[in-house]
Structure formats: structure tokens, C-alpha cells
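Architecture and fold: a report
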Amino acid sequence: MGLLVLVRHGQSEWNARKVFSGQGNPELTEQGIEEARNTGQLLSSRAMRFDLAFTSCLNRAKSTLTIILEQMQLTHVPVMEDAQLNERDYGKLTGMTIEAARQKYGTEQVHHWRTSLHALPPGGETLEMTGTRAFKLFQECILPELNSGKNVILAAHRNTIRGLTSKLCNLTQKQTEELQIGTAEPLFFQVQGADNIQRIK
């Protein structure tokens, strides 16, 4: 049995400006750095230890993971970077403020793109597509480690984690679309095989 912890990155510069980050590469804000520190201290206070870490290739996720491992005194843990964990591609929306997108495309359409499992923003990918690529990496590279009894921490992004959690927990479309994950918020899972994955507190 292994422990899997999924962590969304801390607040980024584009989060603070309410910009569609997508696969853009903004850095963490001072608030985001502090959020990551707090998460590392939380995990350390729960006496958690990790054997392996995964992150996307984007700076905000990599920095969050580095800070967490530093706070936990686990800087020796091997870290694997993979673009399959990158944030959802928002296509033409990337770099645009949410308000500007609402003015151009309409509030209802923008809300649909942000929350729906299957809505496709122009030139981008759906939440379902994002979850599928993250889940493929999970099956191929992460699940075998968990099945061998190792504990794994994964730092990624709002939509990557929403999509992956949907598949790990067999969420309905409605449950997936309602799933909200705060910056630097950790989600915990006990894994006893592909068919026995339980979210825990």
C-alpha cells in the first residue's frame, strides 16, 4: 500500500492577475511561496515521508515541489518531471485575463470552458483530455511505485489534478465539474492497486 499526495502549485503571478495560465510559465508570487512553505510544514507535521516525487515541467509546479521538499527536509528525494502533468492547454485564452475573455466570448461561454469536462476552448484541450494524459502517466510510472509500497508526492496544476482525481476516484461528470482545488492544497490517497484507490483526509 502506498500513499499518493497531489498538490496544486502555490499562487502564480498569473493567478494573482486572474489570467488564463494554461501552459504559460509564470513564476510563484510571494504569497504562492508562502503557501508552498505552509504545505510543506503541514505534511511534515503529519510525519509524512516520500520516496519519489513527480512534477510538471512548468516553473510554478517545480518551485512549489522544491519548497515543500525543503520544508520537509526531503531534498534527497528523486524528482521526475513530465510534460503530461503540465496544466491544461487553454489555447487562445492563454495569457488573457478572465474578464477580457468574458467580454470577447461571453460570461456563460467562459464559465463553460473553465468548468465543463468536455468543453474545448479555441486552440486548446478539454479537461477530459488533460485528465487522460495525466492518468496515462499515473498508470505507467506512478502506480507501479505505489503498488510496491512507496509514497509519492506529485505537484501539478488545477486542471491536471481535477482531471486526474476524476479518474482515480471514478467521479461523475457533475462531481468533476464541481471539484475545486485551492492553491497549494494537498489531496491524499491510499493506493492498494488500480482498483482500490481511496481519497483520505
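The paragraphs below set out a description of the structure included in this document. (Residues numbered from 1 in each chain as written. Predicted model: local features only at pLDDT ≥ 70, side-chain atom pairs only at ≥ 80, totals over all residues. Heavy atoms only, no water.)

Throughout the structure, instances matching the rule amount to 8 salt bridges. Where Arg37 meets Glu34, a salt bridge forms, and the shortest distance between an N and an O atom there is 3.3 Å. With Arg37 and Glu34 both in helix α2 (residues 30-45), this residue pair falls 3 residues apart, about one helical turn. With a relative accessible area of 37%, Glu34 lands in the partly exposed category. In this structure, the salt-bridge partner of Lys167 is Glu128, at a minimum N-O distance of 3.0 Å. Pair noted here: Lys167 is in helix α7 (residues 158-168) and Glu128 is in helix α6 (residues 127-147), with a separation of 39 residues, a long-range link. According to the relative accessible area criterion, Lys167 is partly exposed, its value standing at 23%. (Salt bridge = Lys/Arg side-chain N within 4 Å of Asp/Glu carboxyl O. Helix = DSSP H or I, 4+ residues; strand = E, 2+ residues; numbered from the N terminus. Buried < 20%, exposed > 50% of the residue type's maximum accessible area, 1.4 Å probe, protein only.)

Turning to the environment of Lys167, a few remarks are in order. Residues Lys167 and Gly32 lie 135 residues apart in sequence; the distance between their C-alpha atoms is 27 Å. In this view, Lys167 contacts Glu128, Gly131, Thr132 and Phe135; residues no more than four positions away in its chain are not counted. Side-chain polar atoms of Lys167 contact the side chain of Glu128, separated by 3.0 Å. (Contact = heavy atoms within 4.5 Å. Polar contact = N/O pair within 3.5 Å; in protein donor to acceptor, adjacent residues only side chain to side chain.)

Across the interface, α6 lies against α7 with an axial gap of 8 Å and an inter-helix angle of 70 degrees. Classified by the interaxial angle, the pair formed by α6 and α7 is roughly perpendicular. In this structure, α6 meets α7 at a crossing whose hand is right-handed. Where α6 abuts α7, its residues Leu127, Glu128, Thr130, Gly131, Thr132, Ala134, Phe135 and Phe138 lie against Asn159, Thr160, Arg162, Gly163, Leu164, Lys167 and Leu168. Classifying every residue of the contact of α6 with α7 by side-chain character gives 6 nonpolar, 6 polar and 3 charged. (Axes fitted to C-alpha atoms, helices over the stretch in contact; angles between N-to-C directions. Parallel < 35°, antiparallel > 145°, perpendicular 65-115°, else oblique. Left-handed = near helix turned anticlockwise from the far one by under 90°. Nonpolar A, V, L, I, M, F, W, Y, C, P; charged D, E, K, R; others polar.)

Here Thr160 is to be found in helix α7. Polar contacts involving the side chain of Thr160 include one to the main-chain carbonyl oxygen of Leu85, which spans 3.3 Å. Beyond its immediate stretch of four places on either side in the chain, Thr160 contacts Gln84, Leu85, Asn86, Glu87, Arg88, Thr130 and Ala134.

Before going further, it helps to examine the packing of aromatic side chains. Scanning all chains against the criterion turns up 3 aromatic pairs. Ring geometry for Phe135 against Phe138: centres 5.9 Å apart, planes inclined by 15 degrees, an arrangement best described as stacked. Here Phe138 and Phe135 lie together in helix α6, a separation of 3 residues that amounts to about one turn. Sitting above the plane of the Phe188 ring, Arg46 keeps its charged end 4.5 Å from the centroid. (Phe/Tyr/Trp six-rings, centres within 6.5 Å; stacked < 30°, edge-to-face > 60°. Lys NZ or Arg CZ within 6 Å of the ring centre and 35° of its normal.)

Burial within strand β5 (residues 186-191) is extensive, with 5 of its 6 residues counted as buried. Across 6 bridges, strand β1 (residues 2-8) lies against β5 in antiparallel orientation. What sits directly across from Leu4, in β5, is Phe189. Connecting β5 to the next strand, strand β6 (residues 197-200), in antiparallel fashion are 5 residues, including Gly193 with a positive phi near 120 degrees. (Pairing = 2+ DSSP bridges.)

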